[in-house]
Amino acid sequence: MDGTKHIIKKELTRIFTDKKMIVSLFILPGVLIMVMYSVMGGLISNLEEDIETHVPTVYIQNAPEDFEDVIKELDYQANITYINSQDSIDSIKDDILIGDVELLVVFDEGFKETIGSYSSLGDAIPEVRTFYNPSEDYSGVARSNFNGIVLNTYHHYLLTERFGNTEQLQVFHIDRDPEAGVIVDEGKASGKSLSMLLPFLINIMLFQGAMALGMDAITGEKERGTIASMLLSPIKRSEIVFGKMISLGMLTSLSAVIYAIAVVIGIRNLSGGAMGEIASMTFTPLQIIQLLVLLIALVYFYVSLVVLVATFARTQKEAGTYVTPLYIIVMLGGVLTMFSSGSERGLEFYAIPVYNAAISLQNLLVGELTMPQFGVAVGSLAILASLITVLITRAFNNEKVMFNA
Amino acid sequence: MIQINELTKIYKLTKKQMIEQKTKKDLKRAVDNLSLVAKPGEIYGLLGPNGAGKTTALRCIATLLKPTEGNIVVSGFDTVKESEKVRKKIGFLTNEIKLDPQFSPKYMFEFFGKLHKVDDKLIEERREKLFSYFEITDFQDKKIEELSTGMKQKASIAVSLVHDPEVIIFDEPTNGLDIVTARNVTDYLKLLKEQGKTVIISTHIMTEAEKLCDKIGIIINGSKVSEGSLEEILNRTGTRDLEDAFFELYKIHNKEEE
Ligand SMILES: Nc1ncnc2c1ncn2[C@@H]1O[C@H](COP(=O)(O)OP(=O)(O)O)[C@@H](O)[C@H]1O
Ligand SMILES: [Mg+2]
């Protein structure tokens, strides 16, 4: 295995003595990712803030006289236009559709009179209708705020007017202090939202790192005619394959670490950012070991996949074409986890490569990864990667593959 | 010592190669029933036009290709069954195989020395000797991609000799070199011969074969059509120089093919 050692050393030297390589493999993507996440996170939190503070445009038809007083008293912020029953509401509805107006509130005609003349069961009860556009964030928020703040209060006010004492009607309270009722495991809660995004990111970053490096280190060397010089030395083909794969694994891991740090920095840059919770994540030592083992298995698997493709491809362009479908599968594996939670899936799902890595990471981040799940996932990844390694070694012995002969 | 016994190498052509080579057959007989022996202390020259099968034959000797038929024995080892042992004994040079452009000649020399398990002191010694002979020393720390064609070729030659191989296989070693550098290289081959090494080269340059080779094998369309010392070949064909001899043979054997 001496040959493997020398090859690893050479591969690492090649990358680390080449400024262009370092910049294009580590620094540039790192900076890009950082900027991307800063901007993305910034946009998300700006958006949230914007929706919260946005002053909605609201039209109210047939508002009862005392309703305006209630609104003034509540200090409800909105550009309110009061219209009466003769005014057409069609143009307002159109404006709601295109997002120029957030909300239209229509009181039945003779609202107060109908309420006032109620005496027994079966008598008419007036209605307030709200028109809004659920596909517009501003509109949705405006409606729920209006319902919660204004209509609720007005409802209560009218009840008091009718009965004097409304406790009779209250029967029971729900959460007078809502904050006091929140019971949550901080780690799990922050893990929950992270567990959606992180497996996806890790999958993509690892594969991308392996892809960029592997295509150059294998297909590139084939194209340049430099790999043949190694095939001429008196070492086993398997030593060359191991040397290439181990160095690629090391570099891929390094690039993943750099990318991950870039993501964290990018997200932390947001003041009170939407995903600042990364900082509050905590892991037990067992979880850390599981995470490491899982990542190593995953790196080994991705490197083997990329090297297999890179070995058979004649040119880097060809390698790029072959590897793209794999890249898409890897992305899909990550995306699938974003829409489901891992705890209900049977053990057999943990044997599906790519997907198993994503769901295991997801479970790990919320502290729900069981030992059998972990074992099946790591085992299946490692077994498959070993099989692929055998294939690669065969290919290295094949003159058709190595010399187009 | 190199013994080639009835070597035939057939390539299976891809569709693209069939179009490139303007052929309808999907099999190419690149080397056809070739036998030869190259002995220690002698330079054997494979002489033939482009596409004759020289590179293919030499790659088979160097274990990179497996014979379709026949077998090759190098220093007592079979190139298929004991390829690793054969690789220990040979120094192989061909222009399709290159040194990593991002590394310096010195780094590559040391790297391949280590792969050949030569100890560090010996690597150092041989590097100094070879680099000074080929005048690489001043450039030994430059990246290979920054070197001139001639310097690259000389670096490749030096690296291929890092383990002091007993069998030297050089495919068109002076190809693309200026006359001074070419002379430098052929002189070194003579030196190796005097040290008792087995040397086999391929060439399409008549004068090189005349001056350098103790034994010449003329190969046309994958077959050896004549073999012997320069004198023997000239006598056999009744010609005065190798070029005339070659064309005599070419007339006969290239027709047969068609
Ligand atoms: N990898 C290959 N695949 C298919 N045909 C090849 C390959 N290499 C060489 N050939 C064909 O085999 C013949 C001999 O080639 P080669 O050994 O390179 O000749 P030479 O070195 O004498 O110029 C040529 O016709 C060439 O086109
Ligand atoms: Mg050739």
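Residues numbered from 1 in each chain as written. Chains lettered and ligands numbered in written order. Predicted model: local features only at pLDDT ≥ 70, side-chain atom pairs only at ≥ 80, totals over all residues. Heavy atoms only, no water.

How should the overall build of chain A be read in this particular structure?
Counting secondary structure elements, chain A contains 15 helices and 4 strands. Sequence separation of 24 or more characterises 73% of the internal contacts of chain A that already satisfy a separation of 6 or more. Per element, the accessible surface of chain A, about 20700 Å² overall, is 62% carbon and sulfur. (Helix = DSSP H or I, 4+ residues; strand = E, 2+ residues; numbered from the N terminus. Contact = heavy atoms within 4.5 Å. Areas by Shrake-Rupley, 256 points an atom, 1.4 Å probe, with all protein chains shown as cover.)

What should I look at first to understand the interface of chain B and chain A in this one?
For an interface, size is often stated in terms of accessible area lost upon the parts coming together. Taken together, the contact pairs 31 residues of chain B with 28 residues of chain A. For the chain B and chain A pair, buried surface summed over both sides reaches about 2800 Å², with 60% attributable to carbon and sulfur atoms. Summed over the shared surface of chain B and chain A, the number is 2 salt bridges. Linking Lys-10 of chain A and Asp-100 of chain B is a salt bridge whose minimum nitrogen-to-oxygen distance equals 3.1 Å. On the surface where chain B and chain A come into contact, there are 9 residue pairs in polar contact (both at pLDDT 80 or more). Looking at the side of chain B that touches chain A, the elements with two or more residues in it are β1 (2–12), α3 (83–89), β6 (90–93) and α4 (105–115) of chain B. Of the residues forming the side of chain B that touches chain A, the biggest block, 6 residues, is contributed by α4 of chain B. (Buried area = accessible area lost by both parts, 1.4 Å probe. Salt bridge = Lys/Arg side-chain N within 4 Å of Asp/Glu carboxyl O. Polar contact = N/O pair within 3.5 Å; in protein donor to acceptor, adjacent residues only side chain to side chain.)

Sorry, what's going on with the environment of Asn-46 of chain A here?
When you line up the elements, Asn-46 of chain A lands in helix α2 (residues 19–53). Among the residues examined, Asn-46 of chain A registers a relative accessible area of 48% and is labelled partly exposed. (Buried < 20%, exposed > 50% of the residue type's maximum accessible area, 1.4 Å probe, protein only.)

What am I meant to see in the layout of surface pockets here?
Where empty space is left can be seen by rolling a probe of water-molecule size over the atoms. Residues and elements named next belong to chain A. The space that makes up the largest pocket amounts to roughly 840 Å³. In this structure, the largest pocket is lined by 30 residues; those nearest its centre are Ile-202, Val-257, Ala-260, Leu-291 and Leu-295. Those elements that provide at least two residues to the lining of the largest pocket are α8 (186–224), α10 (237–268), α11 (285–312) and α13 (355–365). Residues belonging to the lining of the largest pocket are distributed by class as follows: 27 nonpolar, 3 polar and no charged. (1 Å grid on protein atoms, 1.4 Å probe; cavity = no way out; pocket = protein on both sides within 12 Å on 5 of 7 lines; lining within 4 Å. Points joined across faces, edges and corners; volume = space filled by probe spheres on them. Nonpolar A, V, L, I, M, F, W, Y, C, P; charged D, E, K, R; others polar.)

Mind showing me how you'd approach the nonpolar core here?
Nonpolar side chains in soluble globular proteins tend to be buried together. If you look at the biggest cluster of nonpolar residues, it comprises 159 residues, and the most contacted ones within it are Phe-207 and Tyr-302 of chain A together with Ile-61, Leu-189 and Ile-218 of chain B. The residues touching Tyr-302 of chain A, leaving out its near neighbours within four places in the chain, are Asn-203, Leu-206, Phe-207, Ala-210, Val-330 and Val-354 of chain A. Counting residues in each nonpolar core, the second largest holds 17 residues, with Ile-71, Ala-78, Leu-103 and Phe-146 of chain A among its members. (Core = buried A, V, L, I, M, F, W, Y, C linked by side-chain atoms within 4.5 Å.)

What is the right way to read the sheet that holds strand β10 (residues 223–228) of chain B from this model?
Whenever strands of a sheet pair, they do so through backbone hydrogen bonds, lying parallel or antiparallel. All names here are of chain B. Strands sit in the order β6-β7-β8-β3-β9-β10 across an open sheet of 6 strands; the sheet is mixed. Across the chains shown, the open sheet's two edge strands, defined by having one partner strand only, are β6 and β10. Here the average twist between neighbouring strands, direction ignored, is 15°. Taken together, the 5 bridges between strand β9 (residues 215–220) and β10 define a ladder with antiparallel strand orientation. Bridged to Ile-219 within β10 is Lys-224. (Pairing = 2+ DSSP bridges. Axes fitted to C-alpha atoms, helices over the stretch in contact; angles between N-to-C directions.)

It is not clear to me how the packing of α4 of chain B against helix α5 (residues 120–133) of chain B should be interpreted in this structure. Could you clarify?
The description of two helices packed together rests on the angle between their axes and the distance between the axes. All names here are of chain B. At a minimum axis separation of 10 Å, α4 and α5 run at an interaxial angle of 135°. Here α5 runs oblique to α4, going by the angle between their axes. α4 and α5 meet at a crossing whose hand is right-handed. Taking contact as the criterion, the partners of Pro-105, Lys-106, Phe-109, Glu-110, Gly-113 and Lys-114 in α4 are, on α5, Asp-120, Ile-123, Glu-124, Arg-126, Arg-127, Leu-130 and Phe-131. Across the contact of α4 with α5, the residue classes break down as 5 nonpolar, 1 polar and 7 charged. (Parallel < 35°, antiparallel > 145°, perpendicular 65-115°, else oblique. Left-handed = near helix turned anticlockwise from the far one by under 90°.)

Would you mind going over helix α1 (residues 2–16) of chain A with me for this structure?
Residues spaced three or four apart along an α-helix point in a common direction, a consequence of the helix completing one turn every 3.6 residues. Taking 1.5 Å per residue, 15 residues should reach 21 Å; α1 of chain A reaches 21 Å between its end C-alpha atoms and fits that length. Of the residues making up α1 of chain A, those classed as buried are Gly-3, Thr-4, His-6, Ile-7, Ile-8, Lys-10, Glu-11, Leu-12, Arg-14 and Ile-15 of chain A. (Expected span 1.5 Å × (residues − 1).)

Just checking my understanding: could you explain unusual backbone geometry for this structure?
Note: most residues except glycine have negative phi, and most peptide bonds are trans. Residues and elements named next belong to chain B. With a phi angle near 70°, Thr-63 is a residue other than glycine that sits in the positive phi range. By the element assignment, Thr-63 lies in the loop between α2 (54–61) and β4 (69–74). One non-glycine residue, Ser-75, lies in positive phi territory at about 50°. Within the secondary structure, Ser-75 is located in the loop between β4 and β5 (77–78).

Help me out: how do you make sense of empty space enclosed by the protein in this one?
Inspection of the entire model under this criterion finds 1 cavity of 30 Å³ or more. Taken as a whole, the largest cavity encloses approximately 230 Å³ of empty space. Lining the largest cavity are 17 residues, and of these Ser-229 and Leu-232 of chain A together with Phe-92, Val-159 and Ser-160 of chain B lie nearest its centre. Put simply, the parts of the chain that give the lining of the largest cavity at least two residues each are β6 and α6 (149–160) of chain B. No other element matches β6 of chain B, which puts 4 residues into the lining of the largest cavity. Here the residues of the lining of the largest cavity are counted per class, giving 9 nonpolar, 7 polar and 1 charged.

Even after reading the chapter, I still don't get the domain arrangement of chain A, so can you show me in this structure?
By the assigned domains, chain A splits into domain 1 (2–44 + 188–402) and domain 2 (54–181). In this structure, domain 1 of chain A and domain 2 of chain A have C-alpha centres spaced 55 Å apart. (Domains from an automatic or database assignment.)

Which parts of the structure should I look at to understand the state of the cysteines?
Covalent bonding between the sulfur atoms of two cysteines defines a disulfide. All names here are of chain B. All told, the structure shown has 0 disulfides over all chains when counted by the stated rule. Cysteine Cys-60 is unpaired, with the sulfur of Cys-213 as its nearest cysteine sulfur at 20 Å. Owing to a relative accessible area of 0%, Cys-60 belongs among the buried residues under this scheme. (Disulfide = S-S within 2.5 Å.)

Help me out: how do you make sense of helix α3 (residues 65–74) of chain A in this one?
All names here are of chain A. Buried residues of α3: Asp-66, Phe-67, Val-70 and Ile-71, and no others. Viewed end-on, α3 has its buried residues packed into an arc of 150°, placing them on one side of the element. Exposed residues on α3 whose side chains face more than 90 degrees from its buried face are Glu-65, Lys-72 and Glu-73. Looking at the buried side of α3, the elements it contacts are β1 (57–61), β2 (79–83), β3 (103–107), α5 (111–116) and α6 (137–163). (Arc of directions from axis to C-beta.)

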